[in-house]
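# Coordinate inspection notes
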Amino acid sequence: MPFSIATWNINSVRLRMPLVERLLNEHAPDVLCLQETKCTDDLFPFEPIRALGYEHIAISGQKGYHGVATISRHPLEVVDRRRFCDKEDCRHISTRLQAGCKSLLLHNFYVPAGGDEPHPEINWKFRHKLDFVQEMNSVPAAWSADSASVLVGDLNIAPLENDVWSHKQLLKVVSHTPVETESFEAMRKAGNWVDLMRHGVPEEQKIYTWWSYRAANWETANRGRRLDHIWSSQNLVDNLLGIEVLREARNWERPSDHVPVIARFDL
């Protein structure tokens, strides 16, 4: 059976627990990485998740904001809960697990959104986002003959022209400004990460994983962005069977504005 990893900004895990259960029941990924869980560790919904066969859960949460969780059918070892930019925000957790014949180091990230004003001198949130991405240069895609690395999450940047509905109209909109996209790609290359969602998918083809709540009809407007990403070390590229963006989840009851993305590997 393929080994699968899903990533999803759930926008409150307790509020949208029925959607998490639906994803796990219908798609059964081996591992699910959640972002923006928005709850402290003691309030995380362990019981309903474990009841579905996902007994291994690693979390880093805080009240009302941010938070990441890695949920697995397989044993997890917590490697690190790293704090970036000297802030206590819960935006990262790394775990290790056995995936087929490889020991897999899995990074789960929630990069700051950056606010609305794309000027670091007058918007501290945007400055924080740029600094956060700069610090991510120190997260390498480590690998060996029997190990590999994967990085997933809501990285809050749509780096390529066809990762947004209109390149020209979004050049001055946070998530697609040149200073963000250039630093993002430089960081990815510095870590020697491979953008698996674009592996085998031409850059001319649109890919979206997020649609704003502000649209009266998100599906008709289709003004999406690719803010959620799955990267790997070089030695996993040939094992990739495919990536699925679950666009239909945007129509589920009380949905997140992000949809799940699932990568499947032959391991």
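In what follows, the structure referred to is the one given above.
Summarised in this report is the structure supplied together with it. (Residues numbered from 1 in each chain as written. Predicted model: local features only at pLDDT ≥ 70, side-chain atom pairs only at ≥ 80, totals over all residues. Heavy atoms only, no water.)

### Details of the overall build of the chain
- Broken down by element type, the chain carries 5 helices and 14 strands.
- Taken over the C-alpha trace, the chain has a radius of gyration of 17 Å; the compact-globule value for 267 residues is 18 Å, and the two agree within 12%.
- Projected onto its principal axes, the C-alpha coordinates of the chain cover approximately 45 × 40 × 40 Å.
- In the chain, once contacts between residues fewer than 6 apart in sequence are set aside, the share between residues at least 24 apart is 67%.
- As displayed, the chain has an accessible area near 11,800 Å², and 48% of this comes from carbon and sulfur atoms. (Helix = DSSP H or I, 4+ residues; strand = E, 2+ residues; numbered from the N terminus. Rg over C-alpha atoms; globule rule 2.2 N^0.38 Å. Contact = heavy atoms within 4.5 Å. Areas by Shrake-Rupley, 256 points an atom, 1.4 Å probe, with all protein chains shown as cover.)

### With respect to the state of the cysteines
- All told, the structure shown has 0 disulfides when counted by the stated rule.
- No disulfide involves C33; its sulfur sits 16 Å from that of C90, the nearest cysteine.
- Owing to a relative accessible area of 0%, C33 belongs among the buried residues under this scheme.
- For C90, a relative accessible area of 5% puts it in the buried group. (Disulfide = S-S within 2.5 Å. Buried < 20%, exposed > 50% of the residue type's maximum accessible area, 1.4 Å probe, protein only.)

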